[in-house]
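Each chain, letter by letter, is given below.
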Number of protein chains: 2
Amino acid sequence: MEKIPTIKEIAKRLKVNASTVSRALHGHPSIGLVTTMRVNKVANELNYERNQTAIFFKQRKTFTIGVVLPDFSDAFFSSALSGIEDYASKKNYNVFVGQSLENPDKEKSILDTMKNHRLDGIIISISKNTTDYEVFNQLKKYNIPVVFFDRIPDMEDIHYSACNLQSGMLQAVDCLVEKGHRNIGLINGPLHLGASKERLAAYNKGLNNYSIAINTQLIVSSDLSADQNYRAMRQLLSLKERPTAVIAFNDYVARDAMSLMKKNDLVVNRDISFISFANSPIWSFMDNSPMASIEQFPQKQGVKAAEILFELIAGRNEETSSAPAFNQVIFDSSMVSHHGKRI
Amino acid sequence: MEKIPTIKEIAKRLKVNASTVSRALHGHPSIGLVTTMRVNKVANELNYERNQTAIFFKQRKTFTIGVVLPDFSDAFFSSALSGIEDYASKKNYNVFVGQSLENPDKEKSILDTMKNHRLDGIIISISKNTTDYEVFNQLKKYNIPVVFFDRIPDMEDIHYSACNLQSGMLQAVDCLVEKGHRNIGLINGPLHLGASKERLAAYNKGLNNYSIAINTQLIVSSDLSADQNYRAMRQLLSLKERPTAVIAFNDYVARDAMSLMKKNDLVVNRDISFISFANSPIWSFMDNSPMASIEQFPQKQGVKAAEILFELIAGRNEETSSAPAFNQVIFDSSMVSHHGKRI
DNA sequence: TTGTAGGCGTTATCAT
DNA sequence: ATGATAACGCCTACAA
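Reading the values: rules and limits
- Counting restarts for each chain: residues are numbered from 1 in the order of the written sequence.
- For this description, chains carry letters from A and ligands carry numbers from 1, given in the order in which they are written.
- With pLDDT at 70 or above as the cut-off, local features in this predicted model cover only qualifying residues; side-chain atom pairs require 80 or more to be listed or tallied, and sums for whole chains, interfaces and linings still use all residues.
- To obtain the side-chain values, all non-hydrogen atoms of the structure were used and water was disregarded.
- By nonpolar core we mean a set of buried residues, namely Ala, Val, Leu, Ile, Met, Phe, Trp, Tyr and Cys, connected to one another through side-chain atoms within 4.5 Å.
- Accessibility here uses a 1.4 Å probe with only protein chains present; expressed as a share of the type maximum, an area under 20% marks a residue as buried, one over 50% as exposed, and anything in between as partly exposed.
- Note on contacts: a residue pair is in contact if any heavy atoms of the two residues lie within 4.5 Å.
- UniProt positions are given in the numbering used here, feature names are shortened, and annotations may be inferred rather than shown by experiment.
- We count a stretch as a helix when DSSP gives it H or I for four or more residues in a row; a strand needs E for two or more, and each element gets its number in order from the N terminus.
- Here the axes come from fitting lines to C-alpha atoms, over the contacting stretch only for helices, and the angles between their N-to-C directions go from 0 to 180 degrees.
- Oblique is the label for every angle not falling under 35 degrees (roughly parallel), over 145 degrees (roughly antiparallel), or within 65 to 115 degrees (roughly perpendicular).
- If you view the pair so one helix is near and one far, a crossing is left-handed when the near helix is turned anticlockwise from the far one by less than a right angle, and right-handed when it is turned clockwise.
- Three classes are used, and their members are as follows: Ala, Val, Leu, Ile, Met, Phe, Trp, Tyr, Cys and Pro are nonpolar, Asp, Glu, Lys and Arg are charged, and the others, Gly among them, are polar.
- An automatic or database domain assignment provides the domain bounds reported here.
- Geometry of aromatic contacts follows a simple scheme: Phe, Tyr and Trp rings, the Trp one being its six-membered ring, pair when their centres are within 6.5 Å, and the pair is stacked under 30 degrees between planes, edge-to-face over 60, tilted otherwise.
- In predicted models, pLDDT denotes the confidence assigned by the predictor to each residue on a 0 to 100 scale.
- One heavy atom suffices: a residue is near a molecule or strand as soon as one of its heavy atoms comes within 4 Å of it.
- Here a polar contact means two N or O atoms within 3.5 Å. Within protein one must be a hydrogen donor candidate and the other an acceptor candidate, and residues neighboring in sequence count only if both atoms are side-chain atoms.
- Strands pair, by our definition, only if DSSP identifies at least two bridges between them.
- Note on handedness: a crossover is taken as right-handed if, strands pointing away from the viewer, the path from the first strand over the helix to the second is clockwise.

Next up on the list: the nonpolar core. Among the nonpolar cores identified, the biggest contains 46 residues, and A:Ile65, A:Ile123, B:Ile65 and B:Ile123 are the most heavily contacted of them. Once residues within four sequence positions are removed from consideration, B:Ile65 is found in contact with B:Ile84, B:Ala88, B:Tyr93, B:Asn94, B:Val95, B:Phe96, B:Leu119, B:Gly121, B:Ile123, B:Leu309, B:Phe310 and B:Ile313.

Moving on, we get to the UniProt feature "domain: HTH lacI-type" (unreviewed entry) in chain A. Following the UniProt record, one finds the feature "domain: HTH lacI-type" (unreviewed entry) at residues 5-59 of chain A. Helix makes up 67% of residues 5-59 of chain A and strand 0%, and the two end C-alpha atoms of the span are 21 Å apart.

Residue and element names in this part refer to chain A. One can describe the packing of helix α1 (residues 7-14) onto helix α3 (residues 33-45) by two numbers: an axis separation of 10 Å at closest approach and a directional angle of 120 degrees. Looking at the two axes, α1 sits oblique to α3. Seen from above, α1 lies across α3 with right-handed handedness. When α1 is examined against α3, the residues Ile 10, Arg 13 and Leu 14 are found in contact with a partner set consisting of Arg 38, Val 39, Val 42 and Ala 43. The class makeup of the residues in the contact of α1 with α3 is 5 nonpolar, no polar and 2 charged.

Another point: the side chain of A:Ser82. Residue position: A:Ser82 is located in helix α5 (residues 75-90). Residue classification places A:Ser82 among the buried residues on the basis of a relative accessible area of 4%.

Here we come to the domain arrangement of chain A. Domain annotation for chain A reports domain 1 (7-50), domain 2 (61-163 + 298-333) and domain 3 (164-296). Spacing between the C-alpha centres of domain 1 of chain A and domain 2 of chain A amounts to 39 Å.

Let us now look at the packing of aromatic side chains. Geometrically, a pair of aromatic rings is defined through the distance of the ring centres and the angle of the planes. All names here are of chain B. By the definition in use, this model includes 16 aromatic pairs over all chains. Note on Tyr 93 and Phe 310: the rings are 4.8 Å apart at their centroids and 85 degrees apart in plane angle, and the pair reads as edge-to-face. A residue pair is termed long-range when its members are at least 10 positions apart, and Tyr 93 in the loop between α5 (75-90) and β2 (94-99) and Phe 310 in helix α12 (residues 298-318) qualify at 217 residues. Since its relative accessible area comes to 8%, Phe 310 is described here as buried.

Averaged over every residue, the pLDDT of chain A is 90; residues scoring 70 or more account for 93%. Averaged pLDDT values for the elements of chain A fall to 87 in strand β12 (residues 334-337) of chain A and rise to 98 in strand β3 (residues 121-124) of chain A.

For any two helices packed against each other, one specifies the inter-axial angle together with the distance between the axes. All names here are of chain B. One way to put it is that helix α1 (residues 7-14) packs onto helix α2 (residues 18-25) with a least axis distance of 8 Å and a crossing angle of 110 degrees. If you check the angle between α1 and α2, you find them roughly perpendicular. On α2, the residues touching Ile 7, Ile 10 and Ala 11 of α1 are Ala 18, Val 21, Ser 22 and Leu 25. For the contact of α1 with α2, a count of residues per class yields 6 nonpolar, 1 polar and no charged.

Moving on: the protein's contact with DNA strand D. Taken together, the neighbourhood of DNA strand D is formed by 28 residues, with A:Ile7, A:Tyr48, B:Thr20, B:Gly32 and B:Arg60 sitting nearest. Near the protein, within 4 Å, the atoms of DNA strand D are sugar or phosphate in 63% of cases. A:Asn51 is positioned such that a nitrogen or oxygen atom in its backbone is 3.5 Å from a phosphate oxygen of DNA strand D. In terms of residue count, helix α4 (residues 52-59) of chain A provides more of the surface near DNA strand D than any other element does, 5 residues in total. The class makeup of the residues in the surface near DNA strand D is 8 nonpolar, 12 polar and 8 charged.

Further remarks concern the pairing of strand β9 (residues 273-277) of chain A. All names here are of chain A. Summarising burial for β9: 5 of the 5 residues are buried, a large majority. Along β9, one buried face is formed by Ser 273, Ile 275 and Phe 277 and the opposite face, lined by Phe 274 and Ser 276, is buried too. The pairing of strand β8 (residues 245-248) with β9 spans 4 bridges and is classified as parallel. Bridge assignment links Val 246 to a residue of β9, and that residue is Phe 274. What joins β8 to β9 is helix α11 (residues 251-263), and the crossover it makes is right-handed. Relative to strand β10 (residues 292-295), β9 runs parallel, the two sharing 3 bridges.

This is how it looks when you write it as C-alpha cells:
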C-alpha cells in the first residue's frame, strides 16, 4: 500500500511551499506558468487527488445533499431518487441516502447522522409513523435546509413538493360515472394517514359532484399489508350490491384486490373496473392492469424538491434573503388511461 | 443563525481543556464522574453535535460506502440498493450513491468523486459501455476496496457478487420442452454484453440437452430500446415457423414483445409462451405476465456484495491478511413460475 | 510571484 | 484525573 500523496508531498519534492502548490492546482493567476506546470506534472506523476474530507472540514461545506425515503425498492420512491440524483449530479453535488423502512427511530438516526455530517441540505419523505418533528427544528438550527417530498409533516413554515390527489381522483370518478358506474368502491389506506384522508375527501367530493349518495359500505380500508388488502376486497365482494368499479389506494393494493377477483372467477375491468393510484411504471403496458392509473409523477416531484433545495442552498450562502418565502409546490395528480399505450 | 457549538466552546464555558471535553463525551474512564456530567450537561444545553467532517478528516475513515448503479429507477437495481442500504445501516455505515445512467464518463466522474471523498469502500454495477478499467486500479492504489455487483468487468483479481444465468435458462428450457415446445425463440440483448453471451450460451446448451437443433432464425437481438424490442418480436412473428415460446432478455423486452402480440391478436402464454429474466417484482402477481420469470435475486446479490465489502473493510484495518483471497460469489438464477402466486 | 502562519474541530500522545 | 500540544490536509490573509 503506497502512501497517499498530499500537497505537502508535492511541495517537498519541488522545494516550494505547500501554499504555492495549492494555488497552482487551483490555477491561481498569481502563480507563474512554469511553477504551475511543474506542480501539475508532479501531481500527475504521484496520482495526487485532493482530499475532500479535508476540504469539507475546512470550508464547512460538503457539496452533498441527503435523501431520506421510506423504501428504495418501491418504484415510486426509486424513480424519485433517480430524478434527484440526476439533478444533483448536474449541480456537481453528491447524494447521501438513507431509507427509513417506515421506522421513525431509524429515520431519526439517519437525520442525526446527516446533521453530524453537515450536509448542505436534505430531501425527505417522512415515514408513515413519524410523529415527532423535533429533529426538523434541530436541522433548522443547524442551518440545514430541508425540503419535504410527497409525505409532508403537519408543520408550518416548511418547504415541500407534493401532489394534490384530488384532481386525479376527480378525473377517475368522472371517468367511471361517465361509463355508467354508480357503485364505486374505495379501498383506502389507514385513516390516520393524510394521504388516506385526502383520497377519501376527494372521493366524496367526486361522487357529490354527481349527486351520488355516499354508501359507507363501499368504503373499506387496509393497512396496506397483503392480508388486509385481501380482506378489504373480500369485504367489497361480499356486499349485496357489489361495486362495479373500485378505486384502490395504490397499485399494490390493486394488485392484491385483483388477485382476489381472479380467485373468484371475476374478470378485471369487465366485472369490476379498477383504477389505482400509481406506483408501478410497468402496469401501463399490461393487459390486465387496472383500467387507469392516477399518476403522481414521482420523478417530477423529486426533481422539483431538488430545485427548491438548491435554491435554498444558494440563498443560504448569500445571507441576503430576509423574507423566508416557503416554497410549497403542489402538482396535480392526473388520471392516465391504460388503453393502447406505447404501441 | 446561531453559531454551531464545538468542543472548544464547551471547554471554554467550563474552563477546562478541550481534550477533557472530548474524553468526557466519549465516556473515557479516566475522566471524573462530576466532570463528565458537567460536560454532558453543557453539551445538551448547547445542543452540541459532533462534527463528522472533522472526525473523518482526522481519522482517515469515513464510515461511508459508495454505491454506483446504472439506474435507480430500474427495479432490479433499486431493490439491490435497498438491500445494500439496509445492510450498511446495520453496520452503522452511511451510503453515498451515484447513478451512471449507462454513461461511462459520468461513471468515471462518480468514482473519482468517491475516491476524493476517501470512502471506505465501493459497490458498483458497471455501465454497459464501460471499457476503461483504469479507475479501478486507481481505487486499489488508494486502498479503497471495490466489490462488483451483477455487471462484472473483464478483469482478474476482483471481488464480486453475481448471478449465474445458466441455471435459470436451463430450467426455463426444461420447462418449455416438457410442455412440448420445440420452436423456442430467444430475444437477446446486444451481443457485446457479457449478459447476452451468457444467455445465448445457456440457451444453446439447453436445447442441446434435448438434441434440438439450433435455428438461428429463432435468435434475435435488440439493443433494449422499445423500438428494437418491437422489431425483434416482429422478426420472430414473421417467421414461417413461428416460435411457440419465447425467452426474453428481461421483463422490459418481454413487455414490449407481449404488447406487439396483443396488437396482432395473439394471446400471451396461449399462442406463444413467454419467459423472461426478471426485473419487475410486480409481474409474478399479474394475469398476463410471462408464464415464468428467471429470478436473479438482486436484493440477495446486493446484500452479498455488501457482506464481501465489509469483510474487506474489516480486513483492511487489520493489515494482517497477506493472501488476497478474491471473493467471487455466484448465485444460481432460478426460474419461478407465475401460476397461483401469493393467493 | 512566492513564503509564512494560523486555523478549521477533533483526538492521540505526551506530560503533569 | 486533567492539561498542553501537535497533528490530520488544505486554504487564505498577510507579509515579503
